[in-house]
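As a plain string of letters, each chain reads:
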Amino acid sequence: MRPVAAQNTPGRSPGGGSIRLRHRTVHGYRRAFRMAGKGDAVLLIHGIGDSSDTWRDVMPGLAKHYRVIAPDLLGHGQSDKPRADYSLAAYANGMRDLLSVLGVERATIVGHSLGGAVAMQFAYQFPDRCERLVLVGTGGISRQVTPLLRAATLPGAQALLHLLQLPTSRWQIGAAVKVLQWLRTDLAVDAPDILRVVDALPDATSINAFVRTLRAVVDWRGQVGTMLDRCYLAQGMPTMLVWGGRDQVVPALHGGLGHVSMPGSRLEIFEEAGHFPFRTDPDRFRAVLRDFIDTTRPASFSPEEWRDLLRNRRPIPRPRVAPEPAADGPSPRTLRPA
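Residues numbered from 1 in each chain as written. Predicted model: local features only at pLDDT ≥ 70, side-chain atom pairs only at ≥ 80, totals over all residues. Heavy atoms only, no water.

Points about the packing of aromatic side chains
- For the structure on display, the rule yields six aromatic pairs.
- Consider the rings of Trp55 and Phe285, whose centres lie 6.4 Å apart with planes at 35°: the pair is tilted. Here the residue Trp55 occupies a position in the loop between strand S6 (41–45) and helix H1 (59–62), and Phe285 occupies one in helix H11 (residues 282–294), the gap between them amounting to 230 residues.
- Judged by its relative accessible area of 0%, Trp55 is buried.
- Of the residues examined, Phe285 reaches a relative accessible area of 1% and is grouped as buried.
- Here the aromatic rings of Tyr86 and Tyr91 are separated by 6.0 Å at their centres, their planes lie at 40°, and the arrangement is tilted. We note that Tyr86, like Tyr91, is buried.
- Three or more aromatic residues joined by ring pairs form one cluster here, namely Trp55, Phe276, Phe278 and Phe285.
- One cation-aromatic arrangement involves Arg284 over Phe270; the distance from NZ or CZ to the ring centre is 4.1 Å. (Phe/Tyr/Trp six-rings, centres within 6.5 Å; stacked < 30°, edge-to-face > 60°. Helix = DSSP H or I, 4+ residues; strand = E, 2+ residues; numbered from the N terminus. Buried < 20%, exposed > 50% of the residue type's maximum accessible area, 1.4 Å probe, protein only. Lys NZ or Arg CZ within 6 Å of the ring centre and 35° of its normal.)

Section: the nonpolar core
- Core analysis: the largest hydrophobic core is formed by 55 residues, its most contacted members being Ile45, Ile109, Leu114, Phe122 and Leu133.
- Excluding anything up to four places from it in sequence, Leu114 contacts His46, Gly47, Ile48, Leu73, Leu88, Tyr91, Thr213 and Val217.
- Membership of the second largest hydrophobic core comes to 26 residues, among which are Ile19, Val68, Ala70 and Phe270. (Core = buried A, V, L, I, M, F, W, Y, C linked by side-chain atoms within 4.5 Å. Contact = heavy atoms within 4.5 Å.)

Notes on the environment of Met59
- Summarising the element assignment, Met59 is placed in helix H1.
- For the pair Met59 and Ala70, spaced 11 residues apart in sequence, the C-alpha to C-alpha distance is 8.5 Å.
- Discounting residues that sit within four places of it in the chain, Met59 has contacts with Ile19, Arg34, Met35, Leu44, Val68 and Ala70.

Some points on the environment of Arg215
- As for its placement among the helices and strands, Arg215 is situated in helix H8 (residues 204–217).
- Arg215 sits 128 residues away from Ser87 along the chain, and the two C-alpha atoms are 9.0 Å apart.

A short note on the pairing of strand S8 (residues 107–112)
- Where burial is concerned, most of S8 is hidden: six out of the six residues are buried.
- On S8, burial covers both faces: Ala107, Ile109 and Gly111 on one face and Thr108, Val110 and His112 on the other are all buried.
- The pairing of S8 with strand S9 (residues 130–136) spans six bridges and is classified as parallel. Bridge pairing in S9 links Thr108 to Arg132.
- Each parallel crossover has a hand, and for S8 linked through helix H3 (residues 114–125) to S9 it is right-handed. (Pairing = 2+ DSSP bridges. Right-handed = clockwise from strand over helix to strand, strands pointing away.)

Overview of unusual backbone geometry
- Its identity as a non-glycine residue notwithstanding, His27 has a phi of 55°, on the positive side.
- Unusually for a residue other than glycine, Ser113 sits at a positive phi of about 55°.
- Tracing the backbone through its elements, the reader meets Ser113 in the loop between S8 and H3.

Quick look at the packing of helix H2 (residues 88–101) against H3
- H3 packs onto H2 with a crossing angle of 70° between their chain directions and a minimal axis gap of 8 Å. When the axes of H2 and H3 are compared, the pair comes out roughly perpendicular. Within the contact between the two elements, H2 uses Leu88, Ala89, Tyr91, Ala92, Asn93, Met95, Arg96 and Leu99 and H3 uses Leu114, Ala117, Val118, Gln121, Phe122 and Gln125.
- Its residues assigned to classes, the contact of H2 with H3 shows 10 nonpolar, three polar and one charged. (Axes fitted to C-alpha atoms, helices over the stretch in contact; angles between N-to-C directions. Parallel < 35°, antiparallel > 145°, perpendicular 65-115°, else oblique. Nonpolar A, V, L, I, M, F, W, Y, C, P; charged D, E, K, R; others polar.)

All quantities given are derived from atomic positions and should not be read as evidence of function.
The following block contains the structure:
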């Protein structure tokens, strides 16, 4: 393996902290990631078209308490973008292998959007490596998804996406974003992040990787698969869902459906946030995540327990930890199962 290499342009948080971008080569492909802090590991997985930079507002604060790792998924950010397998299972394998290379055996897995679907797949494939599961505006719960993503999977859409490289396209998209903000629509909440993700597709290689990833999980009818048939496995896995009440990419209804389908899960609704609640209110997100970690015990499955759960769907009793308020943010509004 190559030694960890630092990039010359670190990502900076508004608070002034900086967490540099590093690289490791795994299976011949260069993987970019950010890592900071010590203690129990927390893996942050971004959404489609995004990168580890999306977590820049929450990483410095979390790194005061945990070892935080935020990778650029293969085909995204500064990671390589080969002609490769971009399925959820392949991404889950990639996360396992990166953690192994970094010497991390177990972690709390946090996933946003596509990253949430990867996180669920990781917990399903490698329950012995997953301590807790946090799903943020996640895909993979129901079929419904924004029409824009469905349209991007159609024949000819890839050629249209290549037009984003034209200088005039950036101006036109920027103007459309300003109109959305002026109209105060729910989609306007995420307008700056939509523009940021568009900017993250600067060339044909990036666009091709984006389309391959999207078509692995979405077609013209919506999301290709859901995890509802395996949600009962959350009986043995501490699980929290975080959603923006104004999310137009993956509506908050999905959060409620996931909460009902995952026994013992916790649901946090950020009423004024859209698809990126951790960017809309990073302080609250950090407080919610810390509270969840501090008040739950890590999952620990024996082969016998896992087999029994698969066979009988019987819950595994877990002792509760006495809650302690998080010290670095406001008290969250929590919906807990009755």
